[in-house]
Amino acid sequence: LSSEQLSSQDHYDFGMRALKAILTAAGQLKRKLGHVLAEDVLALRALSDVNVPKFTANDIPLFMGIISDLFPGVELPPSDYGKLV
């Protein structure tokens, strides 16, 4: 769905490698935050954390619209990445 609606960029990857990265991120989040957050929130966080950094500014709102359709009513809590220095 993302590959059809987002702009065509050479660095966008929606294949098996990207899916593995999302599953790996979801697994790490589940081990770290599985006792605090629901699985749908963890899956949404993994999708966002893996994909949003590589999207252009124009594609981010489109992607957020896609995932809001896939996860209706799921709200992401604010991320705490700690001190980034």
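Please refer to the structure higher up on the page.
Outline the packing of aromatic side chains, supporting the account with residue identities and numerical values.
Under the criterion given, the structure shown has one aromatic pair. Consider the rings of F55 and F63, whose centres lie 4.9 Å apart with planes at 55°: the pair is tilted. In this structure F63 comes out as buried when scored by relative accessible area, which is 2%.

Just give me the short version of the nonpolar core, but keep the residues and values in it.
For soluble globular proteins, nonpolar side chains are generally found buried alongside one another. Counting residues in hydrophobic clusters, the biggest one holds 13 residues, and the most contacted among them are L44, A46, L47, I67, F71 and V74. When contributions to this core are tallied by element, the ones reaching two or more residues are α2 (16–33), α3 (39–51) and α4 (59–70). At five residues, α3 tops the list of elements feeding residues into this core. With residues near it in sequence (within four places) discarded, A46 still touches I22, A25, A26 and L29.

Describe the pattern of salt bridges, listing the residues and the values that go with them.
Applying the stated criterion across every chain, the model contains two salt bridges. Residue K30 is joined to E39 by a salt bridge in which the shortest nitrogen-to-oxygen separation is 3.0 Å. Overall, the relative accessible area of 55% leaves E39 in the exposed class. The shortest N-O distance in the salt bridge between D49 and R45 comes to 4.0 Å. Within this pair, D49 and its partner R45 are both found in helix α3, separated by four residues, close to a single helical turn.

Can you break down a nonpolar patch on the surface residue by residue, with the values?
On the surface, M16, L19 and L23 cluster together into a nonpolar patch covering about 330 Å² of accessible area. Positionally, L23 belongs in helix α2.

Give me the packing of α2 against α3: which residues, what numbers.
Two numbers describe how α2 lies on α3: the axes approach to 8 Å, and their chain directions differ by 130°. Here α3 runs oblique to α2, going by the angle between their axes. The handedness of the crossing between α2 and α3 comes out as right-handed. Mapping the contact onto sequence places A21, I22, A25, A26, L29, K30 and L33 in α2 and E39, L42, R45, A46, L47, V50 and N51 in α3. Partitioning the contact of α2 with α3 into residue classes produces 10 nonpolar, one polar and three charged.

An account of the environment of R45 is needed here, citing residue identities and associated values.
Classification of R45 by relative accessible area gives buried; the value is 13%. Here the alpha-carbon distance between R45 and L76, two residues 31 residues apart in the chain, equals 6.9 Å. Only 2.4 Å separates the side chain of R45 from the backbone oxygen of P77, close enough to count as a polar contact.

Definitions and limits used
Residues numbered from 1 in each chain as written. Predicted model: local features only at pLDDT ≥ 70, side-chain atom pairs only at ≥ 80, totals over all residues. Heavy atoms only, no water. Phe/Tyr/Trp six-rings, centres within 6.5 Å; stacked < 30°, edge-to-face > 60°. Buried < 20%, exposed > 50% of the residue type's maximum accessible area, 1.4 Å probe, protein only. Core = buried A, V, L, I, M, F, W, Y, C linked by side-chain atoms within 4.5 Å. Helix = DSSP H or I, 4+ residues; strand = E, 2+ residues; numbered from the N terminus. Contact = heavy atoms within 4.5 Å. Salt bridge = Lys/Arg side-chain N within 4 Å of Asp/Glu carboxyl O. Patch = residues over 30% accessible without salt bridge, like charges linked within 9 Å, V, L, I, M, F, W, Y side chains within 5 Å. Areas by Shrake-Rupley, 256 points an atom, 1.4 Å probe, with all protein chains shown as cover. Axes fitted to C-alpha atoms, helices over the stretch in contact; angles between N-to-C directions. Parallel < 35°, antiparallel > 145°, perpendicular 65-115°, else oblique. Left-handed = near helix turned anticlockwise from the far one by under 90°. Nonpolar A, V, L, I, M, F, W, Y, C, P; charged D, E, K, R; others polar. Polar contact = N/O pair within 3.5 Å; in protein donor to acceptor, adjacent residues only side chain to side chain.

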